[in-house]
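For reference, the chains in residue letters:
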Amino acid sequence: MIFISLFVGIFLTSLTGTVIFGFWRAAGFALERRGEIGLISFLLRVVLFFYLVPVVFVCLLLWTGAFADGEAGSFLTATPLLIQVARFLAVVWLVGFLVELVRYMLQQKVRRVEKNISMPAGAYWREAVGRVRERLQVTEEIPVYELPGCKCPFISGFIKCCIFIPKNVEDEEEMEIILEHELYHYVKKDLHLKKFCAWIVRVQWFNPLVRRLVRQVDVWGDSRCDYYMCYESGAHWDMKDYFDVVLRHAERKKSRLRFYDSMHMARNRREIQRRIERMRKVKMGKGMRRASAFVLGACFIMASAVTSLAAGGGLERLYQEIHAASMEISYEAEQAAEDVEEYARDRAAYAEIVKGDDEVDLDSRGLNIYEWDVRAGVVYETGLFWATKGDEISVAVSTSPGKSKIGTGLDCPDGVLRGISGTAPLSGTFTVRQTGFHRVFVENMESTGISVAVTVSR
């Protein structure tokens, strides 16, 4: 149950996040033409929320009754085959997760080495930081380090942030452009988003689209900085001068380690050209009205939620089919070598029969699941249900401990319990002989109490 819950939760969260990421990409193409960089960035944060929070998974648990007695359906109900598959997937996922953790530790080691070999920036840089912090109203001290071999400036950290810059930058305007760009990332909490992205990648490493998600966080975080620097900054930077500095500090080669705790000023020249074109479109385009942007954002969130719930409902039905199929496979494999005996016994022959009042809905799309603790020699029964002569009722029973001796079948209107006996897991399809009210029963033929899980379907 724990393994199945873990993987269904992770998979469903990754699935719904990916669906909404696709919506965001489609909406982003239209919004980019109108220069709505802020709205695109906001919607991207909504996508991150669905990648992080298993909203649909929790809704499904509440919807299907998995938090209650488990009788509302088969969602997250285990079978021997599902448990084996879940354990295998647990090993595979754990190996991938550990690989990601090793990469994380290597990244942290590289960061520590970079900090150890770097030197605190000189007086000119400290004065420039003071002026930029005043413009951006940043009260925290953000140290600046000169890193040997650094080509592209970047800001790194989560709780304690610092800025790494190349050596030999002496132009005062260039200093302030670099610092204002990096500190704007700090003001907008882009490093927090990158930290969330890092854990999404580690936990959902099997989904190749999560790395594209991280890339988009970088792209639109930089685009929002570009917009601020070109159109909103109190320093009123000229677009040409600003992007000249960005191009000057573009990375020339790709790092083997993908860092998720930092925001770089410029990744490569191709991406910078796209950023320049984006800023030109912003200048020429007509922005949306605030009310229109609000309505569009609300519609995006509602559409994402509805689609996610629909995907969750589809997964629930798929899980029911897998559950039923895996039960049949498990029972056929177990019973192939076991002797199953048919028997019929009068109701009065039993010392104790515990009759339940649970509803048995054979017309529902789902399965009827029951879990009981049955004492030795006692018969437990479901609630009453109506069946017509010739109907077929399928019953499957698993026990804990396994391979317990049990009997199961139908308690018929004539007062006779007709069924089969054998070693659990036990399953059978019973043909109704009389029209009337019936119950499904399970008899504990062991000398000690057992727990049983019973599945009933038409």
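Residues numbered from 1 in each chain as written. Predicted model: local features only at pLDDT ≥ 70, side-chain atom pairs only at ≥ 80, totals over all residues. Heavy atoms only, no water.

(A) Spatial organisation of the overall build of the protein. Tallying secondary structure elements over the protein gives eleven helices and 16 strands in all. Counting over 458 residues, the protein shows a buried share of 50%. If you take every contact in the protein between residues at least 6 apart in sequence, the share linking residues at least 24 apart comes to 78%. (Helix = DSSP H or I, 4+ residues; strand = E, 2+ residues; numbered from the N terminus. Buried < 20%, exposed > 50% of the residue type's maximum accessible area, 1.4 Å probe, protein only. Contact = heavy atoms within 4.5 Å.)

(B) Inspection of the sheet that holds strand β5 (residues 262-264) at higher detail. Taken together, five strands build an open sheet; the order of strands is β1-β2-β4-β3-β5 and the sheet is mixed. Among the strands making up the open sheet, the edge pair consists of β1 (119-120) and β5. The sheet strands contacting helix α7 (residues 190-203) are β3 (154-156) and β5, and the helix crosses β5 at an angle near 120°. (Pairing = 2+ DSSP bridges. Axes fitted to C-alpha atoms, helices over the stretch in contact; angles between N-to-C directions.)

(C) Representation of the packing of aromatic side chains in the model. Applying the stated criterion across every chain, the model contains 14 aromatic pairs. Between the aromatic rings of tyrosine 227 and tyrosine 231, the centroid separation amounts to 5.3 Å while the plane-to-plane angle is 50°, which identifies the pairing as tilted. Of the two residues, tyrosine 227 and tyrosine 231 are both situated in helix α8 (residues 209-232); the distance of four residues between them amounts to about one turn of the helix. Owing to a relative accessible area of 28%, tyrosine 227 belongs among the partly exposed residues under this scheme. One aromatic cluster is present, built from ring pairs that chain together Tyr145, Phe154 and Phe164. (Phe/Tyr/Trp six-rings, centres within 6.5 Å; stacked < 30°, edge-to-face > 60°.)

(D) Summary view of the environment of leucine 136. Mapped onto the secondary structure, leucine 136 falls in helix α5 (residues 123-136). Residues leucine 136 and tyrosine 184, 48 residues apart in the sequence, show an inter-C-alpha distance of 7.4 Å. Non-local contacts of leucine 136, meaning those with residues more than four positions away in its chain, are made with Glu180, Leu183, Tyr184, Val187 and Tyr228.

(E) The pairing of strand β15 (residues 436-444), seen in detail. Most of β15 sits inside the fold, with eight of its nine residues counted as buried. Both strand β12 (residues 405-411) and β15 contribute to a ladder of six bridges, which runs antiparallel. Across the sheet, residue glycine 409 finds its bridge partner in β15, namely phenylalanine 441.

As far as function goes, none of this settles anything; it's purely spatial.
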